[in-house]
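Single-letter residue listing:
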Amino acid sequence: MLKLKPMHFTDFIDAPVEKVYKTFVNENGWDPWFTDGMKMELKDGGKIFFRWERLTGEEVIDRGYTIEIIPNKLWEFWWYEYEDGFRSKVTIKFQKNLDSGTWISITDNTIVKSMEEIDIRYGCAFGWGQMLILAKAYIEQNIILLR
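Residues numbered from 1 in each chain as written. Predicted model: local features only at pLDDT ≥ 70, side-chain atom pairs only at ≥ 80, totals over all residues. Heavy atoms only, no water.

Colleague: Hey, could you run me through the layout of surface pockets in this one?
Modeller: Taking a probe equal in size to a water molecule and rolling it over the atoms shows the remaining empty space. Looking at the largest pocket, its volume works out to about 340 Å³. Considering the residues around the largest pocket, the lining is formed by 17 residues, among which Trp52, Trp79, Gly123, Cys124 and Gly127 are closest to the centre. Those elements that provide at least two residues to the lining of the largest pocket are strand 3 (47–52), strand 4 (60–70), strand 5 (74–82) and helix 2 (118–141). Looking at the lining of the largest pocket element by element, the count peaks at seven residues for helix 2. Residues that form the lining of the largest pocket fall into these classes: twelve nonpolar, four polar and one charged. (1 Å grid on protein atoms, 1.4 Å probe; cavity = no way out; pocket = protein on both sides within 12 Å on 5 of 7 lines; lining within 4 Å. Points joined across faces, edges and corners; volume = space filled by probe spheres on them. Helix = DSSP H or I, 4+ residues; strand = E, 2+ residues; numbered from the N terminus. Nonpolar A, V, L, I, M, F, W, Y, C, P; charged D, E, K, R; others polar.)

Colleague: I keep staring at the environment of Ser114 and nothing clicks. Help me out?
Modeller: Topologically, Ser114 is positioned in the loop between strand 7 (102–110) and helix 2. Along the chain, Ser114 and Lys3 lie 111 residues apart, while their C-alpha atoms are 9.6 Å from each other.

Colleague: For this particular structure, what's the right way to read the nonpolar core?
Modeller: As a rule of thumb, soluble globular proteins bury nonpolar side chains together. Formed by 34 residues in total, the largest nonpolar core has its most connected members in Phe24, Trp30, Trp75, Phe77, Phe94 and Trp128. Elements represented by at least two residues in this core include exactly strand 1 (7–13), helix 1 (17–24), strand 3, strand 5, strand 6 (85–96), strand 7 and helix 2. With seven residues, the single largest contributor to this core is helix 2. Those residues in contact with Phe77 that lie beyond four places of it in its chain are Trp30, Ile48, Phe50, Tyr65, Thr66, Ile67, Ser88, Lys89, Val90, Ile92 and Trp128. (Core = buried A, V, L, I, M, F, W, Y, C linked by side-chain atoms within 4.5 Å. Buried < 20%, exposed > 50% of the residue type's maximum accessible area, 1.4 Å probe, protein only. Contact = heavy atoms within 4.5 Å.)

Colleague: For this particular structure, what's the right way to read the sheet that holds strand 4?
Modeller: Backbone-to-backbone hydrogen bonds pair the strands of a sheet. The strands run either parallel or antiparallel. The strand order across the open sheet built from seven strands is 1-7-6-5-4-3-2, with neighbouring strands paired in antiparallel fashion. Edge positions in the open sheet fall to strand 1 and strand 2 (39–40), since each of these has one partner strand only. Those strands touched by helix 2 are strand 1, strand 5, strand 6 and strand 7, and its axis lies near 10 degrees from that of strand 1. (Pairing = 2+ DSSP bridges. Axes fitted to C-alpha atoms, helices over the stretch in contact; angles between N-to-C directions.)

Colleague: Explain unusual backbone geometry to me, please; I cannot follow it from the model alone.
Modeller: Residue Pro32 is bonded to the preceding Asp31 through a cis peptide linkage, with omega at 5 degrees. Summarising the element assignment, Pro32 is placed in the loop between helix 1 and strand 2. The phi dihedral of Asn72 is positive, around 65 degrees, even though this residue is not glycine. Relative to the assigned elements, Asn72 resides in the loop between strand 4 and strand 5. For Asn72, a relative accessible area of 27% translates into the label partly exposed. Notably, Tyr80 is not glycine yet its phi reads approximately 70 degrees, a positive angle. Note that Tyr80 resides in strand 5.

Here it is, written out as C-alpha cells:
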C-alpha cells in the first residue's frame, strides 16, 4: 500500500450553511446536479447508494456508508467499493463564513496499493473538483450544468 497524504479541496459557496449542507446531505444525495438516483440513509452507519449516468455516459454504481453526521457541520463516509471493503474515506466539513456564505472543505483519503493504481487517485481528485463546480452553480444560481 502506498503511503499518500490526504487530498484536500476547499471552496466558498455564497449561500447559508444550512442550504449548502442540505444540498450535500439529504435522502436523494447529489441529485439532480451531480448524480442520477443517489440515495442516503441520514444516520451514522447509514447506507449510501451512488449512481451516475449523465456524467459518465453509462451507468456507474457504487456503495458506501456514513461514519458520522453532524448537521450543518460534518459528513464523513466510506465509499468506492473494492475487494472486501471500501477504498475512500471522505470528510466533508461545512463552515459558516463570518459575513455570509459557507466554506466547504473535502478531505479524501483514497487507498492506492501501487503505482499501477495511481490513476484512481487522480480520478477522485478530478471528480471532487468537478463536483464542487457543479454544486456551486446549482446552489448559487440554480443552474444544473449536466444534461
